[in-house]
Amino acid sequence: MAAELIDLRSDTLTRPSSGMRAAMAAAEVGDDVYAEDPTLNALEARVAALLGHEAGLFTPSGSMGNLLGVWALVKPGDEVVCDVRAHIARAEMGAHAALHGVTMRTWDSADGVTDAATVERLITPDAGPHLVSTAAVALENTHNFGGGTVQPLDTLREVSDLCRAAGVGLHLDGARLWNAHIATGVPLAEYGRLFDTVSVCFSKGLGAPVGSMLVASAEVVARARVQRKRLGGGMRQAGILAAAADWALDHNLDRLADDHAAARVFAEQVAAVAPETLAPSGVQTNIVVLDTGRLTAAELVASARQAGVLLSAVGARTVRAVTHLDVTGDQCLAAGRAVGELLGRS
């Protein structure tokens with residue numbers, strides 16, 4: 001990628017720092033399929049404790065973490081319900097249905113923010129012989145395609161209570177839960193304990209090269225470990241990857257606030273010229289979603305590239321910019337100015 005391009009396509013684009021690489025090189029390793037990798041075992045225990053759960057399971061990707069978390073709660077033929085723009089519905093290649101026989105229904109929302117009353121109206125646990133039974137609800141925090149929006153804690157508590165009262169499982173796609181934690185100050189465990197299963201990602205804002213984790217009860221994690229192997233996700237000397245995640249938690253968690261500030265700078269520059277393109281909820285974390293107006297998303301992405309900025313098309317007339325540790329605030333200011341000018345001319 002040319003050095004002059006400002007790459008805001010995703011926070012998965014970050015590259016390991018020298019400190020992270022040194023930690024990876026020095027990691028003590030063993031065979032994780034035998035549960036004998038000490039670095040990975042320690043990471044799983046650390047993250048489970050952070051999120052208020054008994055056990056953790058390292059996965060190669062966030063998609064696999066979600067796949068296992070939903071699988072643990074939903075048997076084939078039953079359904080998980082989620083937001084219409086949820087990652088599990090839009091960006092996991094239909095894996096929940098194709099691999100686990102899970103069906104899915106969705107609700108619509110404003111910028112991905114959950115409404116507990118909507119969830120309550122949608123779920124149909126124990127639906128009998130004529131309708132599909134709801135076995136689980138899945139929420140996303142922060143909400144990727146909603147624009148990095150943070151789910152209000154009171155809403156999460158309401159949904160957790162109604163799911164428990166209805167005997168319905170609750171999964172959290174917490175790929176960017178770290179961002180929600182930094183943006184709100186809500187402890188990770190306060191979020192985590194509301195859910196039966198939680199997946200978190202190390203390779204987005206935290207900057208690790210690979211890896212996510214599912215946390216849950218010890219019994220669920222034991223089952224998920226078997227299913228991970230069945231899916232081809234068993235890894236051997238994975239402590240090298242665990243060391244990167246561990247280093248990221250030590251060094252890159254608090255600095256997510258810098259990414260949030262950079263996203264606001266980007267959005268302010270766009271809004272100065274084309275305020276109608278921004279979501280009403282504003283910028284809460286490190287994701288900015290823009291309505292492209294008269295332009296198609298593909299046209300804006302192509303024009304932005306010519307102007308030195310890389311964006312992602314996430315809809316026919318929707319693009320996304322994501323700030324991360326490999327772009328500076330000044331770069332985000334310049335990128336926002338360039339994109340704003342393109343939108344202002346359309």
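All values derive from a computational prediction rather than experimental measurement. (Residues numbered from 1 in each chain as written. Predicted model: local features only at pLDDT ≥ 70, side-chain atom pairs only at ≥ 80, totals over all residues. Heavy atoms only, no water.)

This part takes up the sheet that holds strand 6 (residues 169-174). Pairing is mixed in the open sheet, where 7 strands are placed in the order 2-8-7-6-5-3-4. With one partner strand each, in any of the chains shown, strand 2 (55-59) and strand 4 (103-107) form the two edges of the open sheet. Taking each pair of neighbouring strands and ignoring which way they run, the sheet shows an average axis angle of 20 degrees. In this structure, strand 5 (residues 134-140) lies alongside strand 6, joined through 5 bridges in parallel fashion. The residue of strand 6 that forms the bridge with A136 is G169. (Pairing = 2+ DSSP bridges. Helix = DSSP H or I, 4+ residues; strand = E, 2+ residues; numbered from the N terminus. Axes fitted to C-alpha atoms, helices over the stretch in contact; angles between N-to-C directions.)

This brings us to the layout of surface pockets. If you roll a probe as big as a water molecule over the atoms, it shows you where there is empty space left. The space that makes up the largest pocket amounts to roughly 260 Å³. Taken together, 22 residues make up the lining of the largest pocket; nearest its centre are T12, H87, N144, R176 and K204. Element by element, the count of residues in the lining of the largest pocket is highest for helix 3 (residues 62-71), at 3 residues. Here the residues of the lining of the largest pocket are counted per class, giving 6 nonpolar, 11 polar and 5 charged. (1 Å grid on protein atoms, 1.4 Å probe; cavity = no way out; pocket = protein on both sides within 12 Å on 5 of 7 lines; lining within 4 Å. Points joined across faces, edges and corners; volume = space filled by probe spheres on them. Nonpolar A, V, L, I, M, F, W, Y, C, P; charged D, E, K, R; others polar.)

Time to look at the environment of M20. Along the polypeptide, M20 turns up in helix 1 (residues 18-26). Taking the relative accessible area as the measure of exposure, M20 reaches 1% and is therefore buried. Sequence separation between M20 and L311 is 291 residues; the distance between their C-alpha atoms is 27 Å. When near neighbours in sequence (up to four residues on either side) are disregarded, M20 contacts L206, G207, A208, P209, A244, W247, A248 and N252. (Buried < 20%, exposed > 50% of the residue type's maximum accessible area, 1.4 Å probe, protein only. Contact = heavy atoms within 4.5 Å.)

To continue, consider the pattern of salt bridges. All chains considered together, the criterion is met by 14 salt bridges. Note that D326 is salt-bridged to R15, the shortest N-O span being 3.2 Å. Of this pair, D326 sits in the loop between strand 12 (318-322) and helix 14 (329-345) while R15 sits in the loop between strand 1 (6-7) and helix 1, and the two are 311 residues apart along the sequence. Taking relative accessible area as the criterion, R15 reaches 58% and is therefore assigned exposed. Here D259 makes a salt bridge to R255, at a shortest N to O gap of 2.5 Å. Judged by relative accessible area, which is 1%, D259 ranks as buried. Three or more residues are tied together by salt bridges with common partners; here these are R46, D246 and D250. (Salt bridge = Lys/Arg side-chain N within 4 Å of Asp/Glu carboxyl O.)

The subject of this paragraph is the side chain of T134. Along the polypeptide, T134 turns up in strand 5. Within the local environment of T134, its side chain forms a polar contact with the side chain of E79, the two groups lying 2.5 Å apart. Polar side-chain contacts of T134 include one of 2.8 Å to the backbone nitrogen of T124. Once residues lying within four places of it in the same chain are set aside, the contact partners of T134 are E79, V81, R105, L122, I123, T124, P125 and V168. (Polar contact = N/O pair within 3.5 Å; in protein donor to acceptor, adjacent residues only side chain to side chain.)

Okay, helix 11 (residues 239-251) next. Taking 1.5 Å per residue as the helical rise, helix 11 with its 13 residues ought to reach 18 Å, and the 18 Å between its terminal C-alpha atoms agrees with that figure. Buried within helix 11 we find G239, L241, A242, A243, A244, A245, W247, A248 and L249. Elements that come into contact with the buried residues of helix 11 comprise helix 1, helix 2 (38-50), strand 2 and helix 8 (177-184). (Expected span 1.5 Å × (residues − 1).)

On to helix 10 (residues 218-230), then. An ideal rise of 1.5 Å per residue puts 18 Å on 13 residues; helix 10 measures up with 19 Å between its terminal C-alpha atoms. Residues of helix 10 that are buried include every one of V220, V221, A224, Q227 and R228, and no others. For helix 10, the angular spread of buried residues about the axis comes to 120 degrees, placing them on one side. Against the buried residues of helix 10 lie strand 2, helix 3, helix 5 (95-100), strand 7 (197-201) and strand 8 (212-216). A positive backbone phi angle near 85 degrees is found at G232, which sits one or two residues after helix 10. (Arc of directions from axis to C-beta.)

Bringing the nonpolar core into the picture now. Grouped together as the largest cluster of nonpolar side chains are 51 residues, with contacts concentrated most on L43, V47, V137, W178 and F202. The element contributing the most residues to this core is helix 11, with 7 residues. When near neighbours in sequence (up to four residues on either side) are disregarded, W178 contacts L188, V200, C201, F202, L206, L249, L253 and L256. (Core = buried A, V, L, I, M, F, W, Y, C linked by side-chain atoms within 4.5 Å.)

Bringing the state of the cysteines into the picture now. Simply put, disulfide is the name for a covalent bond between the sulfur atoms of two cysteines. Within this structure, the stated rule accounts for 0 disulfides. C163 forms no disulfide, and the closest cysteine sulfur to it belongs to C82, at a distance of 13 Å. According to the relative accessible area criterion, C163 is buried, its value standing at 1%. C332 takes part in no disulfide bond, and the closest cysteine sulfur to it belongs to C201, at a distance of 20 Å. For C332, a relative accessible area of 0% translates into the label buried. (Disulfide = S-S within 2.5 Å.)

With an omega dihedral of 0 degrees, the bond running from N141 to T142 counts as a cis peptide bond. With respect to the element layout, T142 can be found in the loop between strand 5 and helix 7 (153-166). With phi around 60 degrees, A35 is a residue other than glycine that occupies positive phi space. Tracing the backbone through its elements, the reader meets A35 in the loop between helix 1 and helix 2. With phi around 55 degrees, D111 is a residue other than glycine that occupies positive phi space. Residue placement: D111 occurs in the loop between strand 4 and helix 6 (116-122). Judged by relative accessible area, D111 falls into the buried class, the value being 15%.

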